Amino acid sequence: MQIRLWGVRGSIPFPGPRTVRYGGNTTCIEVRTREGHLIILDAGTGIFPLAHTLLDEQPISARIFITHSHWDHIQGLPFFLPLFHAGNQIELYATAGEGAGEGPERVMRSQFQFSYFPVGEMGLKSPIQYRTVVAGEDIVVGSARVRPVAMNHPGGSVGYLITECDCSVFFTGDHEPYATATGVGAYSAEQEPHDHALASLIRGVDLVIADSMYTQEEYPARAGWGHGTFDSCMRLALTANARHLLCTHHESNRSDDELEQVLKVAVDRHAGVLNGLTVQLAREGDSFVLDSSGLDHQEVLNKVRA
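Residues numbered from 1 in each chain as written. Predicted model: local features only at pLDDT ≥ 70, side-chain atom pairs only at ≥ 80, totals over all residues. Heavy atoms only, no water.

(A) Seen up close, the pairing of strand 12 (residues 244-248). For strand 12, the tally of buried residues reaches five of five residues, placing the bulk of the element in the interior. Relative to strand 12, strand 11 (residues 207-211) is paired through five bridges, and the arrangement is parallel. Across the sheet, residue valine 208 finds its bridge partner in strand 12, namely leucine 245. Following the chain from strand 11 across helix 5 (residues 230-239) to the adjacent parallel strand 12, one finds a crossover that is right-handed. Both strand 12 and strand 13 (residues 278-281) contribute to a ladder of four bridges, which runs parallel. Its bridge partner lying in strand 13, leucine 245 is registered against valine 279. Note on the crossover from strand 12 through helix 6 (residues 256-269) to strand 13: the handedness is right-handed. (Buried < 20%, exposed > 50% of the residue type's maximum accessible area, 1.4 Å probe, protein only. Helix = DSSP H or I, 4+ residues; strand = E, 2+ residues; numbered from the N terminus. Pairing = 2+ DSSP bridges. Right-handed = clockwise from strand over helix to strand, strands pointing away.)

Here it is as C-alpha cells:
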C-alpha cells in the first residue's frame, strides 16, 4: 500500500515562507493499493497538485472519500483536473446530509454553482458518480476494504480505516476526543469508553494519520471546536497499539519551526510510555510504502508483529 501526503494544513491553506517545509495545502491523501487502485482521502487544496500528476495516467479510475464537507476538505474538488477530461471514472464517497434523504451530491454540487465556480457540473467531461457511505459498512476496492468510522466533529464526520492483506492505515479526518470535548481540557472519565471504543475498532493498525491541530495547552480555549491535540493523538495510537503516528491538520498559522517545537514538547512528555510508537509530523509531499518487507528510513513503514 502506497501513501502520499498532498495536503496537511487545517482550516485554511497557508502557503508561504513560514510553512515551506511542511506545506500549506489543506487535507488530501493519496492511497494506492497493491493492485494499483487509487483512493483519495479528502479533497482540500492538496488535490490540485495531485491532479496534475494524474494527467499522464489517463484514463483513470479514482475513488474520493470525503470525511466531511467543511471547506478545507472539499475546496479543491472543482480543481480536480481529471473531471475535465473525458473517459475517467470518478466516484465520490461521503455520508448523507443531516436532512432526511440527502445524499453527498447536495453539498458537493454546491461547489460547482456559478456563484462559486465558473464551470458548472454540467460542464464536466467525466461527471462525478456519488456514493453514500454508512459508518461501519465496508466499501470493497479490489483487495482492499475501506471502512467509514463515525468521528466527533461539529456537523458530523467520518474517518476511514483502509485494510489490505496484512496492512492497515486509519485516517481520523477532523476529530476531537470524546473525553476532552466535554471536559474542557480535563480527561472526563464518563466519556472515556467512547475513546476506548474507537481505539478497539482500529486496534493493531499499522499507521494512524490523526488530527492534532492543537497543543494540550491551547486546547481548553478551543474545546468543542472539533479537533484533537498532539497528546490525544498519541493516546489514541498507544491505546490502539498502533505502530506509527503521523500528526496532521496543522494549525494554519503555525510555522514549520513552531510545529517541530510543539511536537517535541508533546513527545518528550510521553517519552516513557511510547513503547516503540514512532511519532512524526505529516509533511506535504512525503511518500510511504506500507508492507511487510522492512523499514527503509521514514519512507517505508513495515508491519512488525511481536
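(B) Representation of the nonpolar core within the structure. Residues Phe170, Ile202, Val208, Phe230, Leu245 and Val279 are the most contacted members of the largest nonpolar core, which totals 28 residues. Mapped by element, the contributors of at least two residues to this core are helix 4 (192-201), strand 11, helix 5, strand 12, helix 6 and strand 13. Of the residues forming this core, the biggest block, five residues, is contributed by helix 5. In this structure isoleucine 202 touches Leu161, Phe170, Val208, Leu236 and Ala240, once residues within four positions along its chain are discounted. (Core = buried A, V, L, I, M, F, W, Y, C linked by side-chain atoms within 4.5 Å. Contact = heavy atoms within 4.5 Å.)

(C) Looking closely at the side chain of threonine 26. Structurally, threonine 26 is set in the loop between strand 1 (2-7) and strand 2 (28-32). Take threonine 26: its relative accessible area is 0%, and that puts it in the buried class. In this structure the side chain of threonine 26 is engaged in a polar contact, spanning 2.8 Å, whose partner is the backbone nitrogen of threonine 45. Each residue touching threonine 26, except ones within four places of it in the same chain, is listed here: Gly7, Val8, Arg9, Ile12, Pro13, Gly44, Thr45, Gly46, Asp72 and Gln75. (Polar contact = N/O pair within 3.5 Å; in protein donor to acceptor, adjacent residues only side chain to side chain.)

None of the figures reported here should be taken as evidence of function without further support.
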